[in-house]
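Examining the three-dimensional arrangement
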Amino acid sequence: MASAGVVRTAEEAVARIAYLSSDVVISVQQTLGQQSKYSTQLSSLSAAQTKSVIAQADELPEIQTIRHNADPLLSVHDPARSGKFVSVTTTSNTLITSIPHLYKLANVSVVLHVSMQSEEFPDYADITSIRQSGLIMLQSESLVDVQDMAVTAHALAIRSGKGVLHFFVGSAAAGSPVPVVGEELLNAAYDKMKVRSYRMKDGRATTLYSDDGVRAETTESVSSVSSTPPAAEAHAAAASTLAGILNGLTNATTPSSVSSETPHSSASSRLSVSSASTIEPPPTTRSVTSDDIYKYAEDIFETIRITTSRSYKIFEYSGALDAKAAVFAFGSTTDLFRKAIAQAEAGEVYVGIISARVYRPWFGTRLPHALPKSVTKVAVLEQIKRKTTRWGPLFLDLLTCLKAEPSSTLSKSVVGYQLGYIDVTTVQQALRGVVQNLRAESPVQNLQVGSLAAPASPSADLAQPEVESAYMKILNELFKERLHLANQIYSKNAGVANDLSASPEFGYGSLIARQEKRQAFLGKIEEAVKRSEFSTDVPEQSLSKWLLVANDPAKSVAAAEVVIKDLKADGSDLAAQLLKDKSLFYKESQWLIGSDAWAFDLGNSGVHHVLSSGKNVNMLIIDSQPYSEKAVADAARRKKDIGLYAMNFGNAYVASVAVYSSYTQVLHAMIDADKFDGPSVVLAYLPYNKEDDSPLTILQETKKAVDIGYWPLYRWDPYGEDKGDLNFNLDSERIKDELKAFLKRDNHLSQLIRRHPEFSANLANSYGAEVRQQQKRKAKESFNKLLEGLSGPPLTILFASDGGNAENLAKRLARRGKARGLKTIAMSMDDYPIEDLANEENLVCIVSTAGQGEFPQNGRAFWETVKNSTDIDLANVNFSVFGLGDSHYWPRKEDKIYYNKPGKDLDKRLHDISGKRMADLGLGNDQDPDAYQTAYAEWEPKIWRALGVDNVEGLADEPPPITNEDIKSASNFLRGTIMEGLADESTGAISASDAQLTKFHGTYMQDDRDVRDERKAQGLEPAYSFMIRCRLPGGVATPEQYIKMDDISNTFSNHTLKLTTRQTFQFHGVLKRNLRNSMRAINKALMDTLAACGDVNRNVMCSSLPQNSAFQKETWAYSKKISEHLLPSTSAYHEIWIKDENDVKTQVAGDAVQDFEPLYGPTYLPRKFKITIAIPPHNDTDVYAHDVGLIAIKGTDGKLAGFNVLVGGGMGVTHNNKKTYPRTGSMFGFVTKDKVHLVCEKIMLVQRDNGDRKNRKHARLKYTIDDMGVDLYKAKVEDLLGFKFEEPKEFKFVSNIDTFGWIRDETGMNHFTMFIENGRIEDTPEWKMKTGIREIAKIHKGEFRLTGNQHLIISNVSDHELSRIKDLMTEYKLDNIQHTGLRLSSSACVAFPTCGLAMAESERYLPVLITKLEFCLEEAGLRHDSIVMRMTGCPNGCARPWLAEVAFVGKAYGAYNMYLGGGYHGNRLNKLYKSSIKEDEILETLKPLFKRYALERLEGERFGDFVIRTGVIKPTTEGKRFHEDVAEAEEDDE
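Read on for an overview of the structure. Since this is a predicted model, take the numbers as computed values, not measurements.

**Focus: the overall build of the protein chain**
Helix and strand counts for the protein chain stand at 51 helices and 50 strands. A buried classification covers 57% of the 1534 residues belonging to the protein chain. For the protein chain, restricting intrachain contacts to residue pairs at least 6 apart in sequence, the fraction spanning at least 24 positions comes to 76%.

If you want it as structure tokens, here you go:
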């Protein structure tokens, strides 16, 4: 990177000039994850906000990074069409494949800076191959030259309006520093008038390519009288015509006039043309000719000389002025030759050297003037590695132009050489050899100078990006030894370069050859069987059997293994000969692997060849382009749809898959492709911006593309109907227009809709931003119609709401405005048609604060438009803004700027674009006594006063807001309108009130937040789905039940199973239309979901650890008894989910079902209620964290005696609300086992009658017990029981984590605790965990136990089945528990993408964070030490983070509060250590803490205890003290 005004490499120098001289820089890189030699400098300049010398206003150059194989020059056309100056930084490797673009860029003001490759010995054939493209071509010879020629290239592009290619030798390593050229040179060389005219030029291309309708032109003044001598005119015309022919220019004209531009000076060799006009006709335009380019170049060189004292000419000659011979060098060692000649002793090498500074146009007629008149022979040294013709391109250039020169005597004295690798040690010897041959009377033509074998140089790694390995792993897993990759990188292909052997063309050819080879091999086997030349007759028999199944993919594998075994045992010469080709015994699954680069030119990529051949070849084409609106709408992308192309051929199997969307579909597609007899194309989506993108990023991009329809999932078999199936199978819900048109053509679309009517609505609408615009317009027009009858002034209220508060305020303000007679409308900012903004009269904006001072999702597009627009004028608009925020949410001083930032920014911006404030900015603060309502109460009256409606009489009282208590009360025992909502097919959602009620039935309505923004932009409702949670007391399930749960996940949900922290199964992604079927399937498995969620007693947990199996089983029975005892009695669950049309329940008068809730009553509990049982010495269910915690006590007989009862635990908290806090349970005492269910009931009833039903944030039992006091609450329970608690029995906990691996219990049964990271059971390309557990369930005779830490126990395995289960565990890698103690002790909630409350990632991020910490743990010797770490996406505490030794609680996307000091036994709360920190600070904090713990801990001391003992954090003694003495105190506003 350039520093202190110097550069050390050619690429640095070029990148700097390109950046300073462009509006857009296309940076071409080998990979996106690793910077090129150009991009480091470009990134540095961009980060420093350096401006271009030709920039408009304050705009910075845009840098676009593109992979070398993604048709990079295609990206030039779009900005070039827009009048922007574009430069490209690339290597010579991209030139040949970009030839179609080069011709189209010849008349566009674009500059290509090309570093010749390889750096040690580049091949200049890459340049000569494109010499007829019409581009101006310049070359540099040294690091000093490269800056000046880069400036020349840009100056020429500006003056001529033509494309310029600047090529130079790349820097293998940093050299001696060279001062950078100053901006004064750029300003002097660039014609700013031409810059302005280029930007404003009319008639710019409007189609795909930037050259359509565009030509490079110049303006001139035509003289009426010319004093140019006829001879000079004729000579100039001939020269110009010849130059045009050589350059591929068709616009060469007779220079009867010159441009009106005035150059700095004229070289002596310039044609002298004068004019003595007496009449001045108007200026005319004409095409730029080679003569114009010559003049421009000379002018620019003169400018460089004046500014820098460095001189350049079109042809650069150096050496003796009376030399007899000259060397014309065209290669990377030109500068080396110049130095060698300069250093040679007099008479030793009496020769000069010349090179073309401007290679195209070829100014051959000027060449004799550049050479000394004494020169009689010219040696042409061309650095072209593989000559395809006898005479080199440059040799022919010189020969042609010198023959055309009338005064030339050199026509028979041009000698061609092939220039090989030369370095400083061999240059003198090479030069002598050239001169010696020239001195001969008849010099030998086409001698080689130097070695064509250059030293090895580090080349770009051709390895497949790591992120793309997912598909390769699936191929390997499916086809194993049958898999053959035809174009595998670094395969052994004698004499073939790696980049060539990896190409599709090579792969296709090798496949055809391999297929022919196998056919020959089959014949060879048949002949071998007949010849009987084996040592025994065994090979003949096995070979005969093999021949019968040789072309059967499945059967041939087993037969091949037998044959190979028999041939090895035979030992004959014939057997040995056949074994040389043993891979041919398998019916291979042959694949070509490609990328989306193949989609840019189907004819040349090999795709067309495969399809047209009809051969049985499989292609896996990985598309890595991330979805974006720009990528879809950009007409400049010439990328073809390979799937449609192949489907139109009619002979190919085609599938479109995405491993991060549907792993199962990928398997089906690859298996189908392998079976298909003909060409197969599997288009595999794997979007990434950089090769080191995280799986989470790729997952989110994939979901977005599939959901919108940009990447539909489908399978196409042209012969499907012949097999009794559809030709086209759609595996996702949306398709794009082009695919829809193809299907309509042959009626496949109607067949698809008939087969899947649930898709019909989605298939009828394609994605597109125009849909969204129409919806906005319709919404606004509908509002306006509603307001037509009102007479008051208009008031438009726009809101951006994150949690609903801003929306509720806006709607309430709208209601109050209407009551005052105003024409009031309220809508979200992103639903508002922004083009109407300037026409509003009165505008109110209410905006909450999301993330780190960001706009909420439903206001971001509005804000971006308002912020960036230059043509919105609010001069006639009165406005006011009210913001909602929390001044303590970001406690650090440097983060205070985030407080109410959206409201402040919007207020300022509306004022900046001439809006008039009708009321000053209002800022609601959650830290005020009434939270945001405090400031709002002062702000709202100002609005009414400004509008003149503050003293309106007779306003009706507003109805109170509907609360959860109202919803429950009016629900008719949890019925609501759920059934009607399920029947509504117009939406994937249900009503808000029903969404509260369905929680009691065990299901939450959610939407996929990964695609929420994109769907909104496309005018679609959120991707609604439902989470279903089973009620599974104690977490015990039979193998049969497990298989049925697995079936449900595959059929109705997202193909994964979630083991929750409440010891049960959870399904995600269940669509509304599948809800009833899912619920019925769960019930058929003898499980249910009633009361798994909601304001009732939820799933009762019980310790699962199997050390004492008999005692555990006895204790578990009580978890089931308590759960059944406290189950709601309503029949609504059966009515809604289970009954069919023939199961009709009688209704009583008023349509109310005669239900009765003896325990709950019609309004149930104030909030959720949780019970757990722990069996000492393991607190694996976090007994202190629950409303009721039961500690199992063993009697003297070894059986269950009863339970110690803890009351008042709870985890939910609200950030920065100190009235909310977590709490550990208080000990009430001991009760016998026969009374425990009654004790739980009475504790629940006291909470039912005394809990806070007005404030849900204060409604949990933990607040009730603190408000009442422990003693009073306990007394009320005892009054209901009719007896008192006994004194608690002695117990001891040693941990709250699971014990992994095999355990043999006292009954002789075996149990294996399996590590399931964060409880997610799924199949991935790396690990088929879900399949493996299912295979175990098929043979297992015992049971499965789910743990409270989200793991799975294969329980009660008999010795008889032990070995088989162990074999399956090994096969599916389920026995891998060799993780760090930190990972084994970790836990996370679901969070994104489905949890509506999540503020940050959790389940998807915690494993990544732990990976980044594990090296530090290894270093510190803590690999096997258990440290309890938990993460949640919000402060509601589902993973019980407040008890962890280390906890992270999401505060904004990517930001977490960090807590330390929880008790390892789960009995002590932790405390806030750092607030709102991101990954880098997390790592900076924890790594030294872990190292310190390793060095300073006491014997047996746990991490949570250590940080308290050493003063890192203070202990939390009880819940009410949770917010006291935190390590990072919150600062007050200044």
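Back to the write-up after that little detour.
**Section: the nonpolar core**
With 98 residues, the main nonpolar core has Met1045, Phe1065, Leu1190, Val1205, Ile1243 and Ile1333 as its most contacted residues. Counting residues per element, this core draws most heavily on helix H43 (residues 1236-1250), at six residues. Val14, Ala15, Tyr198 and Leu367 belong to the second-largest nonpolar core, a separate cluster that totals 97 residues.

**Some words on the sheet that holds strand E19 (residues 589-595)**
Pairing in this open sheet of seven strands is mixed, and the strands run E18-E19-E20-E22-E21-E23-E24 from one edge to the other. Both edges of this open sheet fall to strand E18 (483-485) and strand E24 (728-730), since each of them pairs with a single strand only. For this sheet, the mean inter-axis angle between neighbouring strands, taken without regard to orientation, is 20°. Across five bridges, E19 lies against strand E20 (residues 618-623) in parallel orientation.

**Considerations on helix H33 (residues 901-912)**
The end-to-end C-alpha distance of H33 is 16 Å, a good match for the 16 Å that twelve residues give at a rise of 1.5 Å each. Among all positions in H33, only Pro902, Gly903, Leu906, Asp907, Arg909 and Leu910 are buried. Phi turns positive one or two residues past the end of H33, at Ser914, with a value near 80°.

**Digging into the sheet that holds strand E12 (residues 325-330)**
Pairing is mixed across the open sheet formed by six strands, whose spatial order is E11-E13-E12-E15-E16-E17. Strand pairing shows two members of the sheet lacking a second neighbour, strand E11 (315-318) and strand E17 (447-449), which therefore form its edges. Between one strand axis and the next, the sheet turns through 30° on average, direction left out of account. Two elements, strand E15 (residues 377-382) and strand E16 (residues 414-419), share five bridges in a ladder whose sense is parallel. Of the residues in E16, the one forming a bridge with Glu382 is Gln418. Against the sheet, helix H11 (residues 334-343) contacts E11, E12, strand E13 (351-356), E15 and E16, and its axis sits at roughly 155° relative to E13. Lying over the sheet, helix H14 (residues 427-439) contacts E12, E13, E15, E16 and E17, oriented at roughly 140° with respect to E15.

**A short note on the pattern of salt bridges**
Pairs can form between side chains of opposite charge once their charged atoms are near each other. Evaluation of the coordinates by the stated rule reveals 73 salt bridges. The closest approach of N and O atoms between Arg357 and Asp145, which form a salt bridge, is 3.1 Å. Of this pair, Arg357 sits in the loop between E13 and strand E14 (358-360) while Asp145 sits in helix H6 (residues 143-160), and the two are 212 residues apart along the sequence. An identical accessibility class is assigned to Arg357 and Asp145; each is buried. Two residues, Arg917 and Asp907, come together in a salt bridge whose shortest N-O distance is 2.8 Å. Here Asp907 lies in helix H33 and Arg917 lies in strand E29 (residues 916-917), a separation of ten residues in the sequence. Using a relative accessible area of 36% as the deciding quantity, one classes Arg917 as partly exposed.

**A word on the packing of aromatic side chains**
Inspection of every chain in the model, using the stated rule, returns 47 aromatic pairs. For the pair Trp391 and Phe395, a centre-to-centre distance of 4.8 Å together with 15° between the ring planes defines the contact as stacked. For Trp391, a relative accessible area of 27% gives the class partly exposed. With a relative accessible area of 4%, Phe395 lands in the buried category. Its guanidinium or amino end placed over the ring of Tyr359, Arg360 lies 4.6 Å from that ring's centre, counting from NZ or CZ. It is Lys1194 that lies over the ring of Phe1111; its NZ or CZ is 5.0 Å from the centre.

**Re the environment of Trp890**
Take Trp890: it is sitting in the loop between strand E28 (878-885) and H33. A C-alpha to C-alpha distance of 6.6 Å links Trp890 and Ser1476, two positions 586 residues apart in sequence. Among residues more than four places away in sequence, those in contact with Trp890 are Gly851, Gln852, Asp895, Lys896, Tyr898, Lys1451, Ala1452, Ala1455 and Ser1476.

**A word on the pairing of strand E50 (residues 1471-1477)**
Of all seven residues making up E50, six are buried, and the element is well covered by its neighbours. Taken together, the four bridges between strand E49 (residues 1455-1460) and E50 define a ladder with antiparallel strand orientation. Bridge pairing in E50 links Tyr1456 to Ile1477.

**Some details on helix H8 (residues 192-200)**
All buried positions along H8 are accounted for by Lys194, Val195, Tyr198 and Arg199. An end-on view of H8 places all buried positions within 135° of arc, on one side of the element. Residues of H8 that are exposed and point more than 90 degrees away from the buried face comprise Met193 and Met200. Next to the buried residues of H8 lie helix H3 (74-81) and H6. N-capping of H8 is provided by Asp191, with a side-chain oxygen placed 3.0 Å from the backbone N of Met193.

**A word on empty space enclosed by the protein**
In this structure the tally under the stated criterion is four cavities of 30 Å³ or more. The volume enclosed by the largest cavity comes to roughly 110 Å³. Contributing to the lining of the largest cavity are 13 residues, with Lys1170, Met1211, Gly1437, Cys1438 and Arg1440 lying nearest its centre. Partitioned by chemical class, the residues of the lining of the largest cavity number three nonpolar, five polar and five charged. Around the second largest cavity, the lining residues are Asn1296, Ile1297, Asp1298, Phe1300, Asn1349, His1351, Leu1384, Ser1385, Ser1386, Ser1387, Val1428 and Arg1430.

**Describing unusual backbone geometry**
In this structure, Ser118 follows Gln117 across a cis peptide bond, with omega equal to -5°. Examined against the element boundaries, Ser118 turns out to sit in the loop between strand E5 (110-116) and helix H5 (125-128). With a phi angle near 55°, Asn900 is a residue other than glycine that sits in the positive phi range. Inspection of the secondary structure assignment puts Asn900 in the loop between E28 and H33. A relative accessible area of 0% places Asn900 in the buried class. Non-glycine residue Gln1063 carries a positive phi angle of around 70°. Its place among the elements puts Gln1063 in the loop between strand E34 (1057-1059) and strand E35 (1065-1070).

**A closer look at the side chain of Thr1061**
Take Thr1061: it is sitting in the loop between E34 and E35. Given the relative accessible area of 9%, Thr1061 is considered buried. In this structure the side chain of Thr1061 is engaged in a polar contact, spanning 2.8 Å, whose partner is the backbone oxygen of Cys1438. When residues no more than four places from it in sequence are discounted, the contact partners of Thr1061 are Met1101, Gly1348, Gln1350, Ser1387, Cys1438, Ala1439 and Arg1440.

**Concerning the packing of H11 against H14**
Direction vectors running N to C along H11 and H14 enclose 80°, while the axes themselves pass 10 Å from each other. One element, H11, and the other, H14, form an angle in the roughly perpendicular class. Contacts between H11 and H14 involve Leu336, Phe337, Ala340 and Ile341 on the former and, on the latter, Val427, Gln428 and Leu431. Partitioning the contact of H11 with H14 into residue classes produces six nonpolar, one polar and no charged.

Conventions used here
Residues numbered from 1 in each chain as written. Predicted model: local features only at pLDDT ≥ 70, side-chain atom pairs only at ≥ 80, totals over all residues. Heavy atoms only, no water. Helix = DSSP H or I, 4+ residues; strand = E, 2+ residues; numbered from the N terminus. Buried < 20%, exposed > 50% of the residue type's maximum accessible area, 1.4 Å probe, protein only. Contact = heavy atoms within 4.5 Å. Core = buried A, V, L, I, M, F, W, Y, C linked by side-chain atoms within 4.5 Å. Pairing = 2+ DSSP bridges. Axes fitted to C-alpha atoms, helices over the stretch in contact; angles between N-to-C directions. Expected span 1.5 Å × (residues − 1). Salt bridge = Lys/Arg side-chain N within 4 Å of Asp/Glu carboxyl O. Phe/Tyr/Trp six-rings, centres within 6.5 Å; stacked < 30°, edge-to-face > 60°. Lys NZ or Arg CZ within 6 Å of the ring centre and 35° of its normal. Arc of directions from axis to C-beta. Polar contact = N/O pair within 3.5 Å; in protein donor to acceptor, adjacent residues only side chain to side chain. 1 Å grid on protein atoms, 1.4 Å probe; cavity = no way out; pocket = protein on both sides within 12 Å on 5 of 7 lines; lining within 4 Å. Points joined across faces, edges and corners; volume = space filled by probe spheres on them. Nonpolar A, V, L, I, M, F, W, Y, C, P; charged D, E, K, R; others polar. Parallel < 35°, antiparallel > 145°, perpendicular 65-115°, else oblique.

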